[in-house]
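Analysis of the macromolecular model
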Amino acid sequence: MLALCLLITACGFQLRGTGGASALPSGWSRMYLASNDPNGELTRIVESTFSASGIIWVPRAEAQHILRLGPETFSQRNLSVNAQARAAEFDLQMSADFIVFNSKREKVMDRTTASVNKQMENDPQNVVGKAEEVRVLQGELRRELATQILRRISFVAANAE
């Protein structure tokens, strides 16, 4: 068991999000977040996800990069139906567009769409429980969306340096 642990650490394996203080290079540490919905759930989750990764949110004039976050879109569609022709399973999808500019307002990253999906089973007898489950899953989708946006920007930032 000890040899296996040493082998795993020697190969550079690490859990996602534990690779250091910031997922972005130091030239990307001071950012400004522009959003049409500054008090929205997605905006708040993006702010906290990036902050946890070492990003400092500053006023636009002091920012090294500007993240322009578009509105989130949420859709729900039926995946399957039961014997009574009611939805037995749903596919939930959430997406958001974003663009990154540098301090000179030059586009560093073209408009990109991040999207995530989750499936959920439907219990037609429990309408209240279904609505609550959708609400909880929407929160999970927003967190996954924010993490995906951070990873995509990290990839572009690493290749730009």
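For the structure itself, look to the data block above.
Structural notes, computed from the coordinates. All values derive from a computational prediction rather than experimental measurement.

Rules and cut-offs
- Residues numbered from 1 in each chain as written.
- Predicted model: local features only at pLDDT ≥ 70, side-chain atom pairs only at ≥ 80, totals over all residues.
- Heavy atoms only, no water.
- Helix = DSSP H or I, 4+ residues; strand = E, 2+ residues; numbered from the N terminus.
- Contact = heavy atoms within 4.5 Å.
- Areas by Shrake-Rupley, 256 points an atom, 1.4 Å probe, with all protein chains shown as cover.
- Salt bridge = Lys/Arg side-chain N within 4 Å of Asp/Glu carboxyl O.
- Buried < 20%, exposed > 50% of the residue type's maximum accessible area, 1.4 Å probe, protein only.
- Expected span 1.5 Å × (residues − 1).
- Arc of directions from axis to C-beta.
- Pairing = 2+ DSSP bridges.
- Right-handed = clockwise from strand over helix to strand, strands pointing away.
- Phe/Tyr/Trp six-rings, centres within 6.5 Å; stacked < 30°, edge-to-face > 60°.
- Patch = residues over 30% accessible without salt bridge, like charges linked within 9 Å, V, L, I, M, F, W, Y side chains within 5 Å.
- Lys, Arg positive; Asp, Glu negative; His and termini not counted.
- Charge placed at Lys NZ, Arg CZ, Asp CG, Glu CD.

The helix and strand tally for the chain stands at three helices and five strands. Long-range pairs, those at least 24 residues apart, make up 68% of the contacts in the chain between residues at least 6 apart in sequence. Put simply, the chain shows about 9900 Å² of open surface, and 52% of that area lies on carbon and sulfur atoms.

Summed over the entire model, instances satisfying the criterion amount to six salt bridges. Between Arg-142 and Glu-72 there is a salt bridge, with the nearest N and O atoms lying 2.9 Å from each other. Here Glu-72 lies in strand β3 (residues 65-81) and Arg-142 lies in helix α3 (residues 127-160), a separation of 70 residues in the sequence. With a shortest N-O distance of 3.6 Å, Lys-118 and Glu-140 are connected by a salt bridge. Taken together, the residues Lys-118 in strand β5 (residues 107-121) and Glu-140 in helix α3 connect sequence positions 22 residues apart. Classification of Glu-140 as partly exposed rests on a relative accessible area of 28%.

Here we come to helix α2 (residues 41-52). If you check α2, its first and last C-alpha atoms are 16 Å apart, about what twelve residues at 1.5 Å a residue would give, namely 16 Å. Every buried residue belonging to α2 is among Leu-42, Thr-43, Ile-45, Val-46, Thr-49 and Phe-50, and all of these are buried. Around the axis of α2, the buried residues are gathered within 165 degrees of arc, so they sit on the same side.

With two bridges joining them, strand β1 (residues 30-35) and strand β2 (residues 56-57) adopt parallel strand pairing. Looking at the pairing, Arg-30 lines up with Ile-56 of β2. The parallel pair β1 and β2, bridged by α2, forms a crossover whose chirality is right-handed.

To continue, consider the packing of aromatic side chains. Scanning the model with the defined rule gives one aromatic pair in all. An angle of 40 degrees between the planes, with centres 5.7 Å apart, marks the rings of Phe-50 and Trp-57 as tilted. For Trp-57, a relative accessible area of 24% translates into the label partly exposed.

Turning our eyes to something else, we now look at the side chain of Thr-49. For Thr-49, the location among the structural elements is in helix α2. Residues contacting Thr-49, with those up to four places away along its chain left out, are Ala-146, Thr-147 and Leu-150.

Let's shift gears to the environment of Ser-48. Tracing the backbone shows Ser-48 in helix α2. Spatially, the C-alpha atom of Ser-48 lies 9.8 Å from that of Arg-143, the residues being 95 residues apart in sequence.

We now examine unusual backbone geometry. A positive phi angle, near 65 degrees, is found at Arg-105, a position not held by glycine. In this fold, Arg-105 is placed in the loop between β4 (87-102) and β5.

What follows concerns a positive patch on the surface. A cluster of basic residues, Arg-60, Arg-68, Arg-105, Lys-107 and Arg-111, forms a positive patch on the protein surface. Inspection of the secondary structure puts Arg-111 in strand β5. Residue Arg-111 is classed as exposed on the basis of its relative accessible area, which comes to 56%.

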